[in-house]
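The lines below spell out each chain.
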Amino acid sequence: MADISSNFLGIKSPNPFWLASAPPTDKKLNVLRAFEAGWGGVVWKTLGSQVKNVSSRYSSVDYGRRRMMGFNNIELISDRPLGINLQEITEVVKLFPDRAMIVSLMADNDRKSWHELIMKCEDAGAMGLNSILDAPTG
Amino acid sequence: MTERGMGASVGQDPEIARMVVGWVMEKATIPVITKLTPNVHSVVPTGRACVEAGSNALSLINTIQSVTGVDLDTLVPNPYVAGKSVFGGYCGPAVKPIALKMLTTIAQDEITSRVPVSGIGGVSTWRDAVEFMLLGASNVQVCTAAMNHGFRIVEDMISGLNNWMDEKGFDKLEDFIGRSVAAITHWEDLDINYHHIANINQDKCIHCGLCYIACEDTSHQSIHIARGNPYNKYTIIEEECVGCNLCKLVCPVDDCITMVEDRVAPEYVNWKDYQKLGLPLNDH
């Protein structure tokens, strides 16, 4: 049997399949389910200054009889309090230490905000950071 | 974009990206992956700026700005928010080819190829994942497929990857990461003497005529129709076929139409050599 374990910059995961920073990775309950299913790692949904999301949030393009050939999303970064996200990240890392835990960040556009957020994420147990310079819908 | 007054411009401007990544690298003590926006004409300038500013890795692509459609009853584009909509971020299987192209440009560039890349953009199956990795991604990230089918899709991805690697004799991921990058070249380096022509397997043909219509109306009139009862018979006019693949692409039967190699000449000749030699241009 081939060895499908992955080493990304020293961040190890049992397989090369991570969940991208998006709605499925925005809280402990989902991420635990993902890890139980076998995902190698997650990029926790982008943290920054807390936002408010709207309803509705998604639309899609169907093609023929297939649903969701393309998917469109207007959800912003995490709308949960930063402290809760960080606490849950710590808890998940303790429960699944063999999985990659990357935290996605988009701080306000100044050096101090980025530094504070990076420090908090590292303290929470992040193994890597995903810096978002783009508008992170989803 | 939907972010409130920040974000997009930072990721689109290489110099601002360089500054922000610089801030991040001043503080971070763990690996930093910078996610690139596809909403630029090329991801290489922003990718280079991020790598030069010290980013340990890149990931791409983020979502593509889009309007997915307009409701023809309400006349409001979707998704609907109290009679309005906004541009959203497009992802899912439809964006995979765009992501693969952008990934390849990162893998081919001398600066951006120095760092590992995490591949994103419509990865739904183990096959998609392998394609991203062959074009330079060290791993992949998935979202839409999980939102569509649930987390358990990873079970098939794990077993599919394992089986494919065993079949191909790859022991570890590094054995094939980036293996297909060099196979994407410049148009002027392609071999002009390479030629293939279509062949229709008459045992598999269901006589639907889709290949005939496509070739007749929009391509090179290279399929002959012999009208019959109850079925018409379709055969390739080999001297007219330019080997475009269209008939094979429209054929609804797997492996019914195959492309058979039929070189013009044995030696490799690219476009520059071809011009120097004064060889003939299209003769039909």
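Thresholds applied
- Residues numbered from 1 in each chain as written.
- Chains lettered and ligands numbered in written order.
- Predicted model: local features only at pLDDT ≥ 70, side-chain atom pairs only at ≥ 80, totals over all residues.
- Heavy atoms only, no water.
- Helix = DSSP H or I, 4+ residues; strand = E, 2+ residues; numbered from the N terminus.
- Rg over C-alpha atoms; globule rule 2.2 N^0.38 Å.
- Buried < 20%, exposed > 50% of the residue type's maximum accessible area, 1.4 Å probe, protein only.
- Contact = heavy atoms within 4.5 Å.
- Domains from an automatic or database assignment.
- 1 Å grid on protein atoms, 1.4 Å probe; cavity = no way out; pocket = protein on both sides within 12 Å on 5 of 7 lines; lining within 4 Å.
- Points joined across faces, edges and corners; volume = space filled by probe spheres on them.
- Nonpolar A, V, L, I, M, F, W, Y, C, P; charged D, E, K, R; others polar.
- Axes fitted to C-alpha atoms, helices over the stretch in contact; angles between N-to-C directions.
- Parallel < 35°, antiparallel > 145°, perpendicular 65-115°, else oblique.
- Polar contact = N/O pair within 3.5 Å; in protein donor to acceptor, adjacent residues only side chain to side chain.
- Pairing = 2+ DSSP bridges.
- Buried area = accessible area lost by both parts, 1.4 Å probe.
- Salt bridge = Lys/Arg side-chain N within 4 Å of Asp/Glu carboxyl O.
- Expected span 1.5 Å × (residues − 1).

Observations concerning the overall build of chain A
Helix and strand content of chain A: three helices and eight strands. Along its sequence from the N terminus, chain A presents helices and strands in the succession β-β-β-α-β-β-β-α-β-α-β. In terms of overall dimensions, chain A is globule-like: its C-alpha atoms have a radius of gyration of 16 Å, near the 14 Å expected for 138 residues. Across its three principal axes, chain A shows a C-alpha extent of roughly 50 × 45 × 25 Å. Looking at chain A as a whole, 62% of its 138 residues qualify as buried. For chain A, the share of sequence-separated contacts (at least 6 apart) that also reach a separation of at least 24 residues comes to 62%.

Quick word on the domain arrangement of chain B
One can read the domain layout of chain B as domain 1 (8-183) and domain 2 (188-277). A straight line from the C-alpha centre of domain 1 of chain B to that of domain 2 of chain B covers 35 Å.

So, empty space enclosed by the protein
This model, assessed by the stated rule, comprises four cavities of 30 Å³ or more. Looking at the second largest cavity, its volume works out to about 90 Å³.

Things to note about the layout of surface pockets
In this structure, the largest pocket occupies an estimated 1,000 Å³ of space. The wall of the largest pocket is formed by 28 residues, among which B:Ile192, B:Tyr194, B:His195, B:Val264 and B:Asn282 lie closest to the centre. Space inside the second largest pocket adds up to approximately 200 Å³. As for the second largest pocket, its lining consists of A:Tyr63, A:Arg66, A:Arg67, A:Met68, A:Met69, B:Pro93, B:Ser124, B:Thr144, B:Ala145, B:Asn148 and B:His149. Mapped by element, the contributors of at least two residues to the lining of the second largest pocket are β6 (66-73) of chain A together with α6 (144-149) of chain B. Taken together, the residues that form the lining of the second largest pocket break down as five nonpolar, four polar and two charged.

Concerning the packing of helix α4 (residues 96-108) of chain B against helix α5 (residues 126-134) of chain B
All names here are of chain B. Between α4 and α5, whose axes approach to 9 Å, the crossing angle comes to 20°. What the angle tells us is that α4 and α5 run roughly parallel. Along the contact surface, α4 presents Lys96, Ala99, Leu100 and Leu103, while α5 presents Asp128, Glu131 and Phe132.

Focus: the environment of A:Ser59
Looking at where A:Ser59 falls in the secondary structure, it is placed in strand β5 (residues 58-63). A:Ser59 sits in the buried class, given a relative accessible area of 9%. The contact partners of A:Ser59, leaving out residues within four places of it in the chain, are A:Gly70, A:Phe71, A:Asn72, B:Thr68, B:Asn78 and B:Pro79. Within the structure, A:Ser59 has its side chain in polar contact with the side chain of B:Asn78 (distance 3.4 Å).

Quick word on the sheet that holds β5(A)
Strand order in the open sheet made by the four strands is β5(A)-β6(A)-β4(B)-β3(B), with antiparallel pairing throughout. With partners counted over all chains shown, the strands left at the sheet margins are β5 of chain A together with β3 (64-66) of chain B, one partner each. On average, each strand axis in the sheet is tilted by 45° relative to the strand beside it, whichever way the strands run. As judged from the three bridges shared by β6(A) and strand β4 (residues 88-91) of chain B, these two strands associate in the antiparallel manner. Note that in β4(B) the partner of A:Asn73 across the bridge is B:Gly89.

Quick notes on the interface of chain B and chain A
At the junction of the two partners, chain B supplies 78 residues and chain A supplies 70 residues. Counting each side, the surface lost to burial between chain B and chain A is near 6,300 Å², with a carbon and sulfur contribution of 66%. Counting the surface chain B buries against chain A, the share from its top three residues, B:Trp23, B:Ile33 and B:Phe151, is 11%. At the junction of chain B with chain A, the criterion picks out one salt bridge. The partner of A:Arg111 in a salt bridge is B:Glu26, and the shortest N-O contact between them spans 2.9 Å.

Quick notes on the pattern of salt bridges
According to the stated counting rule, one finds 17 salt bridges over all chains in the structure shown. With its nearest N and O atoms 3.1 Å apart, the salt bridge here joins B:Arg18 to B:Glu15. Here B:Arg18 pairs with B:Glu15, and both are found in helix α2 (residues 14-27), just three residues apart, close to one helical turn. For B:Arg18, a relative accessible area of 28% translates into the label partly exposed. The network of salt bridges with common partners includes A:Lys45, A:Arg57 and A:Glu75.

Side note on α4(B)
Residues and elements named next belong to chain B. Between the first and last C-alpha of α4 there are 18 Å, a value that for 13 residues agrees with the 18 Å anticipated at 1.5 Å per step. Taken together, the buried positions of α4 are occupied by Lys96, Ala99, Leu100, Met102, Leu103, Thr104 and Ile106. The secondary structure elements touched by the buried residues of α4 are α3 (44-52), β2 (57-60), β5 (117-120) and α5.

Focus: the side chain of A:His115
Tracing the backbone through its elements, the reader meets A:His115 in helix α3 (residues 111-124). A:His115 sits in the buried class, given a relative accessible area of 16%. Within the structure, the side chain of A:His115 is placed 2.8 Å from the backbone oxygen of B:Trp23, a separation counted as a polar contact. Excluding residues that lie within four positions of it along the chain, A:His115 makes contacts with B:Trp23, B:Glu26 and B:Lys27.

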